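Now for the letters of each chain:
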Amino acid sequence: MTNLTITIDDNTLRRARIRALEQGTSLNALLREYLEQYAGVRSEQRSAADAILQLSHQSHSGSGPSGRTWTREEIYEGDDA
């Protein structure tokens with residue numbers, strides 16, 4: 001891969017970094033994805049799993065602040081195998 005240097009004002013960079021962190025990603029990843037889409041390049045490495053991960057970061061679903069846990073019995077409940 002090749003490195004790219006861009007010039008951007010400090011305030012825009014700061015706000016973009018904060019927004020990227022809120023989305024669980026980095027500016028590097030965001031810019032790479034944007035440029036791949038802009039250039040019409042879709043790497044085979046960017047699979048359906050990548051799309052699912054991205055959606056999960058944007059999702060507001062979850063098990064709550066304390067987190068949900070299951071017992072072994074609950075996990076295998078109804079499993080006749």
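Residues numbered from 1 in each chain as written. Predicted model: local features only at pLDDT ≥ 70, side-chain atom pairs only at ≥ 80, totals over all residues. Heavy atoms only, no water.

1. Let's talk about the overall build of the protein
This is how it is decided: Numbering goes from the N terminus for both helices and strands, where a helix is a DSSP run of H or I of at least four residues and a strand is a run of E of at least two. Partly exposed residues are those whose accessible area sits between 20% and 50% of the maximum for their type, while under 20% is buried and over 50% is exposed, using a 1.4 Å probe and protein chains only. Surface accessibility in these figures is a Shrake-Rupley result with a 1.4 Å probe; residues are shielded only by whichever protein chains are displayed.
Counting its secondary structure elements, the protein contains 4 helices and 0 strands. Sorting the 81 residues of the protein into buried and exposed places 4% on the buried side. Summed over its atoms, the accessible surface of the protein is roughly 7,800 Å², and 52% of this surface lies on carbon and sulfur atoms.

2. Thoughts on the confidence of the model for the protein
The condition is simple: One confidence number per residue, pLDDT, is output by the predictor and ranges from 0 to 100.
Averaged over the protein, the pLDDT score is 81; the fraction of residues at 70 or greater is 84%. No element of the protein has a lower mean pLDDT than helix α3 (residues 48–58), at 77, and none a higher one than helix α1 (residues 10–22), at 93.

3. Thoughts on α1
Going by this rule: One less than the residue count of a helix, multiplied by 1.5 Å, gives the span that helix is expected to have. Throughout this description, a polar contact denotes any pair of N or O atoms lying within 3.5 Å of each other; where both atoms belong to protein, one of them has to be capable of donating a hydrogen while the other can accept it, and for residues adjacent in sequence the pair is counted only when both atoms sit in side chains.
Relative to the 18 Å expected for 13 residues at 1.5 Å per residue, α1 spans 18 Å between its end C-alpha atoms, a close match to the ideal helical length. At the N-terminal end of α1, a side-chain oxygen is found 3.3 Å from the backbone nitrogen of Asn11, two or three residues along, and the residue is Asp9. After α1 finishes, the residue Gly24 shows a positive phi value of roughly 70°.

4. Regarding the packing of aromatic side chains
Definition in use: Ring geometry is summarised as follows: Phe, Tyr and Trp rings, the Trp one being its six-membered ring, pair when their centres sit within 6.5 Å, and such pairs are stacked at plane angles under 30 degrees, edge-to-face over 60 and tilted between the two.
Inspection of the entire model under this criterion finds 1 aromatic pair. Relative to Tyr38, the ring of Tyr34 lies with its centre 5.9 Å away and its plane at 20°, an arrangement referred to as stacked. In this pair, Tyr34 and Tyr38 both sit in helix α2 (residues 27–39), 4 residues apart, roughly one turn of the helix. Note on Tyr38: relative accessible area 65%, which makes it exposed.

5. A word on a nonpolar patch on the surface
Under the convention used in this document: Two joining distances apply to patches: 9 Å for like charges and 5 Å for nonpolar side chains (Val, Leu, Ile, Met, Phe, Trp, Tyr), and every residue must have over 30% relative accessible area and no salt bridge. Note on definitions: salt bridges are taken to be side-chain nitrogens of Lys or Arg within 4 Å of carboxyl oxygens of Asp or Glu.
Judged by side-chain polarity, Leu4, Ile6, Ile8, Leu31, Tyr34, Leu35 and Tyr38 come together as a nonpolar surface patch covering roughly 780 Å² of accessible area. With respect to the helices, strands and loops of the structure, Leu4 is situated in the segment before α1. By relative accessible area, which is 64% here, Leu4 ends up exposed.

6. Quick notes on the environment of Glu22
Of note, Glu22 is situated in helix α1. A relative accessible area of 62% places Glu22 in the exposed class. It is 9.1 Å that separates the C-alpha atoms of Glu22 and Gln58, two residues lying 36 residues apart in sequence.

7. Looking at α2
Compared with an ideal rise of 1.5 Å per residue, which puts 13 residues at 18 Å, α2 spans 18 Å between its outermost C-alpha atoms and is within 8% of the ideal. Residue Gly40 follows α2 closely and has a positive phi angle near 80°.

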